[in-house]
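Chain by chain, the residues run as shown.
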Number of protein chains: 2
Amino acid sequence: MGLDAAVLTDVLDGGYADIRAKIREQLRDSASVLDDAETMTRAEFRERVREVLVETAATGMPGLGFPVEYGGGNSVGGSIAAFETLAYGDLSVLVKFGVQFGLFGGAILQLGTKRHHDAYIADIVAGRLLGCFAMTEHGHGSNVAALSTVATYDAEAGEFIITTTRDDAYKDYIGNAAQHGELAVVFAQLVVGGESHGVHAFVVPIRVDGQPAAGVRIEDDGPKMGLNGVDNGRLWFDGVRVPREAMLNRFADVTPDGTYESAIENANRRFFTMLGTLIQGRVSVGGAGVSASKVALAIAIRYALRRRQFETGQEGDGESEQLLLDYGQHQRRLLPLLARTYALTFAQEVLVDQLDAVFSGQTTDDHARRELESRAAGTKALATWHATRTIQECREACGGAGYLAVNRFAALKADTDVFTTFEGDNTVLLQLVAKGLLTAYSTEFEDMDQLQMVRFVANMALETVVEQTGVRKVVERVRHLIPNQNDGEPDLRDPGYHLDLLRWREEHMLASVARRLKSGIDAGEAPGAVFSRVQDHLVATAHAHVEALVLSAFIAKVDSLPASEERQALVLLRDLYALSTIEADRAWFMEHGRLSSVRSKLVTAEVNRLCREIRPIARTLVDAFAIPEELLRARDLLGE
Amino acid sequence: MGLDAAVLTDVLDGGYADIRAKIREQLRDSASVLDDAETMTRAEFRERVREVLVETAATGMPGLGFPVEYGGGNSVGGSIAAFETLAYGDLSVLVKFGVQFGLFGGAILQLGTKRHHDAYIADIVAGRLLGCFAMTEHGHGSNVAALSTVATYDAEAGEFIITTTRDDAYKDYIGNAAQHGELAVVFAQLVVGGESHGVHAFVVPIRVDGQPAAGVRIEDDGPKMGLNGVDNGRLWFDGVRVPREAMLNRFADVTPDGTYESAIENANRRFFTMLGTLIQGRVSVGGAGVSASKVALAIAIRYALRRRQFETGQEGDGESEQLLLDYGQHQRRLLPLLARTYALTFAQEVLVDQLDAVFSGQTTDDHARRELESRAAGTKALATWHATRTIQECREACGGAGYLAVNRFAALKADTDVFTTFEGDNTVLLQLVAKGLLTAYSTEFEDMDQLQMVRFVANMALETVVEQTGVRKVVERVRHLIPNQNDGEPDLRDPGYHLDLLRWREEHMLASVARRLKSGIDAGEAPGAVFSRVQDHLVATAHAHVEALVLSAFIAKVDSLPASEERQALVLLRDLYALSTIEADRAWFMEHGRLSSVRSKLVTAEVNRLCREIRPIARTLVDAFAIPEELLRARDLLGE
């Protein structure tokens, strides 16, 4: 029989195989955009990307996440699957999609009410109305609560007045702003009757007939490392008036006479409910990172199965005819990354299912939503760092040829680079995940963004909280967890053992962070200094947490499959993901008495063995990604 | 008093401060080329880069490495210093310099004799005659000995006939080939009277009045990830005739009647003597990697000293006013990279001095030359990987702003990317270094390229060699080395202790590789499989070797300085380099009983402590790089 790539493709495609197949078709048809990215000027390419966006909108795919009555498909999960698949193609097209349908359209849908939906969604879905998501301000980074743009309600006129209050606090890196956006969802501090109510969103026309609207100043962000088909820009507002109805009023509203109303009493909770709309963006970017890794791996592995390291031109010389991928060093470079790519695919699938459940209203409890937020943040961070690393390694594994633009690495590298810092900076996201983990022990930690967490430390409140609830519970949990320590040596390919190790690491790190927070405060150290010192532990803890989640997803996926060659291949990849993850942090496991030095070396030996076992099926494993050949380009590297 | 950046600059500049200062001036004058790289089309930018090359040639700087009688400066070391400093600026300009003066000019100088020097060098130095170094063939990679281009001697005509024998074995990635090169130094298999004599170099006109010369086909390599100001191309030769005198005949010649002559009897040794001309290229690229890292670090550290992570807009809120670089996590990201950049600077200085000694004829023995080759290969690999990693980390540390082209990371990242694979693929170079280490034990290993090494294993000869000389000697050396093991715990900031650890690692790894090679062969395994399995150990051993060399250089540099604040700052950086290097491989040290788990954690704690100690002087440490402000651009990130 042999391993069947098509069967593996079905496993990888999950519940949205039809949607993915249609997008692959669409990608084939528009593959020339990859050439255009190289040959066109920036201005031309922006127009070309807009064209592709509008053409693709006509297929109905990008609007999948919107209600049927506006031309959508009512499937949030389907829209993410479509987005993930689009990431096999040109990434300017992808990001323009994200801006238009995810951020701009998503904000109107999630934060607005029927009047906004009726007014805009159908046009957005059809690509007739392009818009911006104007949140980020220059110099502010991840601290959305501190935005400087203000929306003041003028009760007499029944209008909001949008103003950029400091010249250096303009909206920046706003996609669709430099050229194509007509409307922007602008995030601003709402002021009613002299009182500030925090950040809210408003629909503001920024461009009329191709010219900036009155009171709006627009600047082009200029050339970027990549994604030059997306027109990012800067926005300043000078007393721009919009009607009262322009406020996206799902969670809060202002009455005509100037009364602020919201069903969510707590200002903080309201703010975070609004920010929840960002989840889809994070899930999308993480998925795109996984897809981009697949493209890089498909090229590098196929190249390694064609190219001989020591070509002599003499036939019959057995030694010199080894393929690149026959070398241990080369397997080491590529195959653990391949395993991790599979792992992240299945983790992403779990995430998309949760997202779909929450956004379709199937799941409504707060806990599920918080878990989703945390999982989205963590998976995005790991998936995008993985993309950066994988693309780089694959480029180097293709030597000088990998440097030519035609071989795709140039665009892959440049375009994905920003993934690690947009839609939430990865290190900041992991700190949010860590906060969530601490929250699990103590409800007092809830609803705090990072800044508040620092303040929390500053206020010494932490001392009590940790003492009362945190450390004790954590220590308790860790004590109950210590597994296998004296049960002889578990099998190195036992997924239960792998998961035990990864979970034990997470719990231990968490307990250690809590302990360090507390002891620093106890010792009277400056809270800022304490936080600064545990910060890398917070990030490491979150990282460990997500790696365990990813392994869980992989294990569950394999368990769900019937016995087959395909399942067996996935078992190898699962074990390689688990063991190479453990190997990468084996110093930590040794430091904490969970791996002996002998055992640690056995882990490395097992990783090598798994690489050799996967080598013969490597080609099928990348073929299973089902990347249209038209998108791989690199004819010269692939020689086919 | 305080730490003085200017004093540190003197230390960093080493023996070529004047040359570096002049190049900095020149860079200031031509800083606009950084903008041109973004705004011009590829065709325009290639012309612009050529212009800058010609202008700079007029200053005499790029010709420094050539004899005075041809307008040069007779200082190989000075030419490398100039090149390193040029790497603060646009890297297309730099690489075009490398192609013209290093590769093309260097080959004429090193492989040619007076007739070639008289004919070409003055014009090359002045930038009047641009040329190519046509070695690499498509599909061949690092295996120069197996080139397919042939030069057949026609005794009747007294000419060589240059031919591309297989259509898919054209010369590829040749700088200056697509547009500006008039001549090429072509590496081809020399055939005289039906007998092949291996690879030799010939001067071949490839372009006349802007058109390809008769029999020469030229193709443009097209857009690349970066370095788009360099016109890389492909070359095919169809029976191109050049006079007998076109052969670069320093090491071998063909008499008019068709007799092959060479003072170097051994064909292999002759070949490697010719390849020795590549050393300068490797040294140059490594140095450029260090300079590019400095630019990235200067931007990211200055940004981190300006930007606040949790800006609130409220004055007087002590906690929220911490600068990015006050956070432990951020120090961790940047400061060990800064320390390693300093370390590599001093390692590079030692290398350049050795290069200068060998190429000026001051040092003539074979051993010194081999040591130089190994050091050049290893330093190039570490320095260029360091550049890739540092630029990426710095980009991410600047968030979304780092993605805008104006902030330099786009170009830095794209342009330096190929450094890890050109002038010798880094993993291949490290295998050469490892071979050199084995050679140190056994002269039988000498003069073997990688392919031969594989064959060597294949021939089972290794068994004897290792048995007779290798393993025993290695084990001996390791036994004598085991230091400090039972002498109580050495001070964590003792440089002698650091060096002991790094050297012990190297020796132990080397012994282990030799043992594994032998035991595999003993067990009757296929030689290819044995090699494949030790390959990553070979690379790791070489890596360990170079890290120890780098630390030695840093220690020697510090020891050479009088007591001062500057020396004290360098002590901190030296210790941070050493301890973060040990920390990164602490799993290995634990696995091999050289670090206890407790001690391993102390290393991490000490790295953190060093980061905190370096934090207050971080700005001065990057100012000491003396990068002209005009080149940093990034006004917005730096806010100055």
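Since we're looking at a predicted model, the values are computed, not measured. (Residues numbered from 1 in each chain as written. Chains lettered and ligands numbered in written order. Predicted model: local features only at pLDDT ≥ 70, side-chain atom pairs only at ≥ 80, totals over all residues. Heavy atoms only, no water.)

Asks: What's the story with the overall build of chain A in this structure? I'm lost.
Replies: Helix and strand counts for chain A come out as 23 helices and 13 strands. Counting only residues that meet the buried cut, chain A has 65% of its 640 residues in that class. The long-range share in chain A, meaning contacts at least 24 apart out of those at least 6 apart in sequence, stands at 74%. (Helix = DSSP H or I, 4+ residues; strand = E, 2+ residues; numbered from the N terminus. Buried < 20%, exposed > 50% of the residue type's maximum accessible area, 1.4 Å probe, protein only. Contact = heavy atoms within 4.5 Å.)

Asks: What am I meant to see in the relation of the copies chain B and chain A here?
Replies: The second copy of the chain is related to the first by a rotation about an axis and a shift along the axis. Structural alignment of chain B on chain A gives an RMSD of 0.0 Å, achieved by rotating through 180° and translating 0.0 Å along the axis. What the superposition gives is, in effect, a two-fold axis relating one chain to the other. For chain B, the minimum C-alpha distance to the rotation axis belongs to B:Ala587 and amounts to 2.1 Å. Of the residues that chain B buries at the interface, 100% are likewise interface residues in chain A, meaning the two copies contact each other through the same surface. (Least-squares fit on C-alpha atoms with pLDDT ≥ 70 in both.)

Asks: Would you explain the nonpolar core in this entry?
Replies: A:Tyr342 and B:Tyr342 are the most contacted members of the largest nonpolar core, which has 370 residues in total. The contacts of B:Tyr342, once residues within four sequence positions are left out, are B:Leu8, B:Leu12, B:Phe554, B:Leu570, B:Leu573, B:Leu621, B:Ala624 and B:Phe625. (Core = buried A, V, L, I, M, F, W, Y, C linked by side-chain atoms within 4.5 Å.)

Asks: Just to check I follow, could you spell out the sheet that holds strand β9 (residues 216-220) of chain B for this structure?
Replies: Think of a sheet as strands paired side by side through backbone hydrogen bonds, with each pair either parallel or antiparallel. Residues and elements named next belong to chain B. If you walk across this open sheet you meet the three strands as β4-β10-β9, and the pairing is antiparallel. Each edge of the open sheet carries a strand with a single partner, namely β4 (171-174) and β9. Within this sheet the neighbouring strands show an average axis-to-axis angle of 25°, counted without direction. Inspection of the sheet shows β4 paired to strand β10 (residues 233-237) by two bridges, in the antiparallel sense. Paired with Lys171 across the strands is Leu235, a residue of β10. (Pairing = 2+ DSSP bridges. Axes fitted to C-alpha atoms, helices over the stretch in contact; angles between N-to-C directions.)

Asks: Help me out: how do you make sense of the interface of chain B and chain A in this one?
Replies: The accessible area lost on association of the parts is a frequent measure of interface size. Each side of the interface is counted separately: chain B has 84 residues, and chain A has 84 residues. Note on chain B versus chain A: buried area summed over both sides is about 6,800 Å², and carbon and sulfur give 53% of it. Three residues, B:Met225, B:Tyr403 and B:Glu591, lead the burial of chain B against chain A; their summed loss comes to 12% of the area buried on that side. The partner of B:Arg586 in a salt bridge is A:Glu591, and the shortest N-O contact between them spans 2.7 Å. Mapped onto the side of chain B that touches chain A, the elements with two or more residues apiece are α10 (328-359), α11 (366-397), α12 (409-416), α13 (426-439), α14 (450-458), α17 (527-559), α19 (586-591) and α20 (597-614) of chain B. Considering every element that reaches the side of chain B that touches chain A, the biggest residue donor is α17(B), with eight residues. (Buried area = accessible area lost by both parts, 1.4 Å probe. Salt bridge = Lys/Arg side-chain N within 4 Å of Asp/Glu carboxyl O.)

Asks: Explain the pattern of salt bridges to me, please; I cannot follow it from the model alone.
Replies: It is possible for side chains of opposite charge to pair when their charged atoms get near one another. Under the definition given, this model contains 84 salt bridges over all chains. A salt bridge links B:Arg234 to B:Glu219; the nearest nitrogen and oxygen atoms lie 2.9 Å apart. One end of the pair, B:Arg234, is in strand β10; the other, B:Glu219, is in strand β9, with 15 residues separating them in the sequence. In this structure B:Arg234 comes out as buried when scored by relative accessible area, which is 12%. In this structure, B:Arg375 and B:Glu371 form a salt bridge, with 3.8 Å as the shortest nitrogen-oxygen distance. Taken as a pair, B:Arg375 and B:Glu371 lie in helix α11 at a separation of four residues, close to a single helical turn. We classify B:Arg375 as buried; its relative accessible area is 10%. In this structure B:Glu371 comes out as partly exposed when scored by relative accessible area, which is 35%. Taken together, the shared-partner salt bridges in this structure form one network comprising A:Asp167, A:Asp172, A:Arg217, A:Glu219, A:Asp221 and A:Arg234.

Asks: Just to check I follow, could you spell out the packing of aromatic side chains for this structure?
Replies: Aromatic ring pairs are defined here through the distance separating the ring centres and the angle between the ring planes. All names here are of chain A. Throughout the structure, instances matching the rule amount to 22 aromatic pairs over all chains. For the ring pair Tyr342 and Phe346, a centre distance of 6.4 Å and an interplane angle of 55° mean the geometry is tilted. Here the residue Tyr342 and the residue Phe346 both occupy positions in helix α10 (residues 328-359), the gap between them amounting to four residues, near one helical turn. With respect to class, Tyr342 is no different from Phe346; both count as buried. Measuring from centroid to centroid gives 5.8 Å for Trp504 and Trp588, while their planes differ by 65°, and the two rings are edge-to-face. Of this pair, Trp504 sits in helix α16 (residues 495-522) while Trp588 sits in helix α19 (residues 586-591), and the two are 84 residues apart along the sequence. You can call Trp504 buried: its relative accessible area is 5%. Judged by its relative accessible area of 8%, Trp588 falls in the buried class. One aromatic cluster in this structure is built from Tyr342, Phe346, Phe554 and Phe625. Cation over ring: Arg594 sits above Trp504, and NZ or CZ is 5.1 Å from the ring centre. (Phe/Tyr/Trp six-rings, centres within 6.5 Å; stacked < 30°, edge-to-face > 60°. Lys NZ or Arg CZ within 6 Å of the ring centre and 35° of its normal.)

Asks: Even after reading the chapter, I still don't get the environment of A:Ala146, so can you show me in this structure?
Replies: Residues and elements named next belong to chain A. Within the fold, Ala146 resides in the loop between β1 (131-134) and β2 (150-154). Taking the relative accessible area as the measure of exposure, Ala146 reaches 16% and is therefore buried. Spatially, the C-alpha atoms of Ala146 and Gly198 are 8.8 Å apart, while their sequence positions differ by 52 residues.

Asks: Even after reading the chapter, I still don't get the sheet that holds strand β10 (residues 233-237) of chain A, so can you show me in this structure?
Replies: Residue and element names in this part refer to chain A. Here we have three strands laid out as an open sheet, ordered β4-β10-β9, and antiparallel in their pairing. The sheet terminates laterally at β4 (171-174) and β9 (216-220), the two strands that pair on one side only. In this sheet, adjacent strand axes meet at a mean angle of 25° when their direction is disregarded.

Asks: It is not clear to me how the environment of B:Gly520 should be interpreted in this structure. Could you clarify?
Replies: All names here are of chain B. As for its placement among the helices and strands, Gly520 is situated in helix α16 (residues 495-522). Exposure remark for Gly520: the relative accessible area of 2% places this residue in the buried category. With 14 residues separating them along the chain, Gly520 and Val534 place their C-alpha atoms 9.6 Å apart. Those residues in contact with Gly520, other than ones at most four positions away along the chain, are Glu525 and Val530.

Asks: Could you clarify how one ought to interpret the packing of α10(A) against helix α20 (residues 597-614) of chain A in this entry?
Replies: Helices that pack against each other are described as a pair by the angle of their axes relative to one another and the distance between those axes. Residue and element names in this part refer to chain A. Look at α10 against α20: their axes get within 10 Å of each other, and the N-to-C directions meet at 85°. By the criterion of interaxial angle, the relationship of α10 to α20 is roughly perpendicular. Residues Gln331, Arg332, Leu335 and Pro336 of α10 form the contact with α20, whose own contacting residues are Thr604, Val607, Asn608, Cys611, Arg612 and Ile614. Here the contact of α10 with α20 is composed, by residue class, of five nonpolar, three polar and two charged. (Parallel < 35°, antiparallel > 145°, perpendicular 65-115°, else oblique. Nonpolar A, V, L, I, M, F, W, Y, C, P; charged D, E, K, R; others polar.)

Asks: Is there a simple way to explain unusual backbone geometry in this structure?
Replies: Negative phi is the rule for most residues except glycine; trans is the rule for most peptide bonds. Despite not being glycine, A:Asp209 shows a phi value in the positive range, around 50°. Residue position: A:Asp209 is located in the loop between β7 (207-208) and β8 (211-212).

Asks: How do you make sense of the state of the cysteines when you look at a structure like this?
Replies: Among covalent bonds in proteins, the disulfide is the one between the sulfur atoms of two cysteines. All names here are of chain A. With the rule as written, the count across this model stands at zero disulfides over all chains. Free cysteine Cys394: the closest other cysteine sulfur is in Cys398, separated by 6.9 Å. Its relative accessible area of 0% is what places Cys394 among the buried residues. Cys611 carries a free sulfur, and the closest cysteine sulfur to it, the one in Cys394, is 14 Å from it. (Disulfide = S-S within 2.5 Å.)

Asks: How should the side chain of B:Gln392 be read in this particular structure?
Replies: Mapped onto the elements, B:Gln392 comes out in helix α11. Setting aside residues no more than four positions away along its own chain, B:Gln392 makes contact with A:Thr388, A:Asp417 and B:Lys413.

Asks: Whenever I open this one, α17(B) confuses me. Can you help?
Replies: Residue pairs three or four apart in sequence face the same way in an α-helix, which turns once every 3.6 residues. The terminal C-alpha atoms of α17(B) lie 46 Å apart, and with 33 residues this matches the ideal 48 Å at 1.5 Å per residue to within 8%. Along α17(B), the helix axis deviates most sharply at B:Val534, where the bend reaches about 40°. (Expected span 1.5 Å × (residues − 1). Bend = angle between axes of the 7 residues up to and from the residue.)

Asks: Mind showing me how you'd approach the side chain of A:Gln26 here?
Replies: By secondary structure assignment, the location of A:Gln26 is in helix α2 (residues 17-29). Residue contacts for A:Gln26: discarding those within four places in its chain leaves A:Thr56 and A:Thr59.

Asks: Before we go on, may I ask you to explain the environment of A:Leu621 in this structure?
Replies: Residues and elements named next belong to chain A. By secondary structure assignment, the location of Leu621 is in helix α21 (residues 618-623). The spacing of Leu621 and Ala292 is 329 residues in sequence and 15 Å in space, taken between C-alpha atoms. In this view, Leu621 contacts Leu3, Leu8, Leu338, Tyr342, Ala569, Leu573 and Ile614; residues no more than four positions away in its chain are not counted.

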